[in-house]
Amino acid sequence: MLLAYELPVLFTRAAVPTQLVSMEVVDRKAACGVVITASHNPWTDNGFKVKSPTGAAAGPEVLKVLEGTIRERAASQPPRRPFADGQSAGMVEEIESFERYRQFVERSVDLERLRSSDLRVLVEPMWGSGAGWLSRLLEGGRIEVNEIHQERNPWFGGVNPEPIRPNIDEALGILARGGYDIGLLLDGDADRGGAADERGTFIHQLQVMGLLMYYLLEHRGLRQPVVYTVNETSMVPRLGERYGVPVYETPVGFKYVGPKMIETGAMLGGEESGGYGFGMHLPERDGIYADLLLLDLFIREREAGRWPVSRAVEHLHEIAGPSFYLRRDVHVDRAAYPARKEQLLKQLTSEGPKSLAGQPVERTVPLSTGDGFKFWLPDGSWLLIRFSGTEPLVRIYAEASTPVLRDALLDAGDKLVRGS
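From a predicted model like this one, the values you see are computed outputs, not experimental measurements.

Here is what the cut-offs are and how they apply
- Residues numbered from 1 in each chain as written.
- Predicted model: local features only at pLDDT ≥ 70, side-chain atom pairs only at ≥ 80, totals over all residues.
- Heavy atoms only, no water.
- Helix = DSSP H or I, 4+ residues; strand = E, 2+ residues; numbered from the N terminus.
- Buried < 20%, exposed > 50% of the residue type's maximum accessible area, 1.4 Å probe, protein only.
- Contact = heavy atoms within 4.5 Å.
- Lys, Arg positive; Asp, Glu negative; His and termini not counted.
- Charge placed at Lys NZ, Arg CZ, Asp CG, Glu CD.
- Pairing = 2+ DSSP bridges.
- Axes fitted to C-alpha atoms, helices over the stretch in contact; angles between N-to-C directions.

### Observations concerning the overall build of the chain
Then comes step 1: Within the chain, the secondary structure is distributed over 14 helices and 20 strands.
Then comes step 2: Viewed in the frame of its principal axes, the chain has a C-alpha envelope of about 70 × 60 × 40 Å.
Then comes step 3: The buried share among the 420 residues of the chain stands at 56%.
Then comes step 4: Considering only intrachain contacts with a sequence separation of at least 6, the fraction spanning at least 24 residues in the chain is 66%.
Then comes step 5: Separation of charge centres in the chain, based on 48 positive and 57 negative side chains, amounts to 3 Å.

This is the structure:
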């Protein structure tokens, strides 16, 4: 279709990580980038990700125009042009991006330092487009990298390719049997990252956000702002206060985080689902880059005497406070979802809970996007109820000062959503 409008196209014939498109848009000063992917969702949820000229996700104003155009023209077929014809006319350039990406990464990460470490690393790419990329970036040194699930599998092995439990339990089991220092995780299109410690304990997404912020502040000496979503960790404002850097909260979604990073000159932006962007790299999610920074962090923590990985995570909480986090997804019948959403939003607006898990609700914050509420307890623990905009489900999030309180908050949120 792009070729039919006489628009020249850069095209990757093989599957590549989503952030490669962001990189190419920035480096080549392209008008936009388009990625077809299910991202970290089930394989049936293939869709389009659109990248702006900055490399960030297209913001709400751009998406509104695109979605309106699609609705207006849904009844008609767009013009088409054979791909081979576009190639013959010199309008298609096929690109192989690995070497360009390696050079792009090396602008801000010392890969040789990482390669020279004597670590054993397990990588779980979840059958996605990031398979093989970390191994190739780290090959040629002392570091030993073992990567599972590298084979192409559009079904993602039958699990949602989101690097959280229980989807990653096989990798956690391998780590628990010993012999590895760290596990690094990617989602289906490799723009989300994650980690697990030497014991096979999952380092949850909010902890990763805290670790990355701590790394940039403590080990890289940066002092630019940090952007985080409303369902991200409260460690962000606590670390911001400790190191004297401003922090900015946005609604859920990198379509809000990326533009805010550019507006504020942020060094880091993060969302709960494991997506992290970096001012010194791209204002867009990059799981591969995030994993490399985590690896560098733990190498530096070992040099500081905080080892193994589990000890480095403990140190984060010693300076940033506790973070016991979990998310539950409550699935609703698709046909009943709109009515249930409207009913519950009205209910929570008019008669929100005065207490949760036996503790008073100190304040209730309606989400600016109008799709949920966040409830705060006196000790800084919180519960968030949010309706998904892409699937018929309600997401219940809780970050608490203890695991017992976290689970009690999730149970309370579950009762609110189900009406029981």
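### Structural notes on the sheet that holds strand S12 (residues 268-270)
Then comes step 1: Overall, mixed pairing links the four strands, which are arranged S11-S10-S12-S13 in an open sheet. Looking at which strands have only one partner, the edges of the open sheet turn out to be strand S11 (247-250) and strand S13 (276-278). Between one strand axis and the next, the sheet turns by 15° as a mean value, whatever way the strands run.
Then comes step 2: Where strand S10 (residues 226-229) and S12 come together, three bridges link them in parallel fashion. Opposite Val227, over in S12, you have Gly269 as the bridge partner.
Then comes step 3: In the packing of helix H10 (residues 254-264) onto the sheet, the strands contacted are S10, S11, S12 and S13, and the crossing angle to S12 comes to about 165°.

### Digging into the sheet that holds strand S19 (residues 382-387)
Paired through their backbone hydrogen bonds, the strands of a sheet run either parallel or antiparallel.
Then comes step 1: On the basis of which strands lie adjacent, the open sheet formed by five strands has the order S14-S20-S19-S18-S17 and antiparallel pairing. The open sheet has two edge strands with one neighbour each: strand S14 (324-331) and strand S17 (363-366). Taking each pair of neighbouring strands and ignoring which way they run, the sheet shows an average axis angle of 15°.
Then comes step 2: Strand direction decides the pairing type here: S17 and strand S18 (residues 372-376), joined by four bridges, are antiparallel. Following the sheet pairing, Pro366 is matched in S18 by Phe373.

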